[in-house]
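# Commentary on secondary and tertiary structure
So you can see what is in the structure, the chains are spelled out below.
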Amino acid sequence: MEWRDQGILLSARPYGETGAILEMFTPEHGRHAGVMRGGASRKMAPILQAGAQLDLHWSARLEDHLGTFKAEPMRSRTASAMASRLSLAGLNTVTALLRFCLPERQAYPALYARTETLLDLLPEIALWPLAYLQWEMALLDEMGFGLDLSCCAVTGAVEDLAYVSPRTGRAVSAAGAGDWAARLLPLPPIMLGQGRAPDAEIAAGLRVTGHFLMQNLAPQIAQKPLPEARARFIQRFERGLVAD
Amino acid sequence: MSSTRDIDALIEMMAKLPGLGPRSARRAVLQLIRKRALQMEPLADLMTSVAATACECRNCGNIGTQPVCDICLSNERATGQICVVEDVGDLWAMERSGVFKGRYHVLGGTLSALDAIGPETLRIPKLSERVESEEVTEVILALNATVDGLTTAHYIADQLDGRCRITSLAQGVPIGGELDYLDDGTITAALNARREV
């Protein structure tokens, strides 16, 4: 068995003295692990950092074997992530969430394309938080817990949507919410693609996506809490430390 | 019972050491047996002694045979600077250069979501305590230039913010390095950290 693809490095953990087990996110083979001989060498260590884009060749005797990777660097993102604390926290949260959410060896080409774009935006730190919010919405969608913000779940109205139901993930208008408003999650206009994306609205949007990641996705997938990296990113973002 | 059972066991044990495999372990054991009085017996004595006394310095985390290491006890070391390193091996590397004359703090790892290493697992609270008690004016973060190393450096910088000067090692072209052989990440970091000549 063998294939050739490109992928984003999610993690590299030591294997033996000189090898490494790489966990990659690829467009055609999803989250896929494999051993890379010499992956812990001095030559490869700078290349095998989370977020790196690699050209991959995977081979194994049988399809369900772990298999071995041969990798060539395409793009390193560590240096751009190093430039800012928020970028680094962002890189950590993206790779941690992908490791947490994605089943192994199941392709998500659309999510891959979004992830690649998101990581390429890391140096653009002013744009990044909004792109990240949209990526989390896409992640929820791909995992089967997408938000339905097309119309009000109560009245069917498409205007004046102000809340999200914490149970169903459907939008609710201010009129439709009535006395239940306090129990609903506030829906920032930026999640509807409206407004100028102030940081406060992005933070509110991340609270909404965070709710569904925690309440719906995490219990279904891993029975574990969300990766700590996401909480650190949100904390960093909310502290407003955009520029170091 | 095989007459070489213990020797085989020794070879097997040595082969598990970093840098050694079965063949090199066999050669090392053969050498030790041939030079029994000169190498093997002193080595065995030293290993017994170190196994009984080796411990972490309760102040900085360095490894020594006393509860507080020589660096922490030395009066010749500057007290205002602490160099934070990930592991004892990094401390030894810094000491080899002989440039740094302050004291150290060994974290014992880096923050890692993958390995479930959080701030509480590392010696970060102790570092914070030392900054206060030793009247530290500068903390030098000499952590690896990896994603985990940098994440840890940022976390420590946040924790110590405003209490002392916090610096980190520069990143860029190594001494003797040729640009042609450097990865693009290192070149980007070097370019970002360029300085006037």
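Nothing here was measured: the structure is a model prediction, and the numbers come from that model.

## With respect to the overall build of chain A
A tally of regular secondary structure across chain A gives seven helices and eight strands. Since a compact globule built from 244 residues should have a radius of gyration of about 18 Å, the 20 Å found for chain A is in line with a globular shape. Here the C-alpha coordinates of chain A stretch approximately 60 × 40 × 25 Å along the principal axes. Here chain A holds 244 residues, and 52% of them are scored as buried. Relative to all contacts within chain A whose residues are 6 or more apart in sequence, the contacts with residues 24 or more apart total 57%. Surface exposure of chain A reaches about 11500 Å², of which carbon and sulfur atoms provide 51%. Of the side-chain charges in chain A, 24 are positive and 25 negative, and the distance between the mean point of each set is 7 Å.

## Let's talk about the interface of chain A and chain B
On the side of chain B, 23 residues touch chain A, which itself brings 21 residues to the contact. Taken over both partners, the interface formed by chain A and chain B buries close to 1800 Å², and the fraction arising from carbon and sulfur atoms is 57%. Run the count over chain A and chain B and you get three salt bridges. Asp158(B) is paired through a salt bridge with Arg85(A); the nearest N and O atoms lie 2.6 Å apart. Across the contact surface, chain A and chain B share five residue pairs in polar contact (both at pLDDT 80 or more). Broken down by secondary-structure element, the contributors of at least two residues to the side of chain A that touches chain B are strand S1 (2–15), helix H1 (78–82), helix H2 (85–101) and helix H7 (228–238) of chain A. Here the element with the most residues in the side of chain A that touches chain B is H2(A); it accounts for five residues.

## Comments concerning the pairing of strand S3 (residues 30–36) of chain A
Residue and element names in this part refer to chain A. Where burial is concerned, most of S3 is hidden: seven out of the seven residues are buried. Across seven bridges, the pairing between strand S2 (residues 19–26) and S3 is antiparallel. Each residue of the ladder has a partner; that of Ile 21, found in S3, is Val 35. Taken together, S2 and the strand that follows it, S3, pair antiparallel across an intervening segment of three residues.

## As for the pattern of salt bridges
All names here are of chain A. For the structure shown, the criterion picks out 16 salt bridges over all chains. Put simply, Arg 31 and Glu 23 hold a salt bridge, and the shortest N to O gap is 2.3 Å. An identical accessibility class is assigned to Arg 31 and Glu 23; each is buried. Of the charged contacts in the structure, one is a salt bridge between Arg 75 and Asp 120, with a shortest N-O distance of 3.1 Å. Remark: Asp 120 occurs in helix H3 (residues 109–120) and Arg 75 occurs in strand S5 (residues 68–75); sequence separation between them is 45 residues. Among the residues examined, Arg 75 registers a relative accessible area of 31% and is labelled partly exposed. On the basis of relative accessibility, which here comes to 35%, the residue Asp 120 falls in the partly exposed class.

## A look at the packing of helix H4 (residues 128–142) of chain A against helix H6 (residues 199–221) of chain A
All names here are of chain A. Packing of H4 against H6 brings their axes to within 10 Å, and their N-to-C directions diverge by 25°. On the basis of the axis angle, H4 is roughly parallel to H6. Two packed elements cross with a definite hand, and for H4 against H6 that hand is left-handed. Taken together, the residues of H6 that come into contact with H4 (itself represented by Pro 129, Leu 130, Tyr 132, Leu 133, Glu 136, Met 137, Leu 139 and Leu 140) are Ile 202, Gly 205, Leu 206, Thr 209, Gly 210, Phe 212 and Leu 213. Partitioned by chemical class, the residues of the contact of H4 with H6 number eleven nonpolar, three polar and one charged.

## So, the domain arrangement of chain B
If you check the domain split of chain B, you get domain 1 (5–53) and domain 2 (63–196). In this structure, domain 1 of chain B and domain 2 of chain B have C-alpha centres spaced 34 Å apart.

## Digging into the sheet that holds strand S4 (residues 103–106) of chain B
Residue and element names in this part refer to chain B. With parallel pairing, four strands are arranged side by side in an open sheet as S4-S3-S5-S6. Edge strands, defined here as strands with exactly one partner in the open sheet, are S4 and strand S6 (165–168). For this sheet, the mean inter-axis angle between neighbouring strands, taken without regard to orientation, is 25°. The sheet contact formed by strand S5 (residues 138–141) and S6 spans four bridges and is parallel. Looking across to S6, one finds that Val 139 is bridged to Ile 166. Packed on one face of the sheet, helix H5 (residues 88–97) meets strand S3 (81–85) and S4 and runs near 160° to S4.

Each value, and the rule that gives it
Residues numbered from 1 in each chain as written. Chains lettered and ligands numbered in written order. Predicted model: local features only at pLDDT ≥ 70, side-chain atom pairs only at ≥ 80, totals over all residues. Heavy atoms only, no water. Helix = DSSP H or I, 4+ residues; strand = E, 2+ residues; numbered from the N terminus. Rg over C-alpha atoms; globule rule 2.2 N^0.38 Å. Buried < 20%, exposed > 50% of the residue type's maximum accessible area, 1.4 Å probe, protein only. Contact = heavy atoms within 4.5 Å. Areas by Shrake-Rupley, 256 points an atom, 1.4 Å probe, with all protein chains shown as cover. Lys, Arg positive; Asp, Glu negative; His and termini not counted. Charge placed at Lys NZ, Arg CZ, Asp CG, Glu CD. Buried area = accessible area lost by both parts, 1.4 Å probe. Salt bridge = Lys/Arg side-chain N within 4 Å of Asp/Glu carboxyl O. Polar contact = N/O pair within 3.5 Å; in protein donor to acceptor, adjacent residues only side chain to side chain. Pairing = 2+ DSSP bridges. Axes fitted to C-alpha atoms, helices over the stretch in contact; angles between N-to-C directions. Parallel < 35°, antiparallel > 145°, perpendicular 65-115°, else oblique. Left-handed = near helix turned anticlockwise from the far one by under 90°. Nonpolar A, V, L, I, M, F, W, Y, C, P; charged D, E, K, R; others polar. Domains from an automatic or database assignment.

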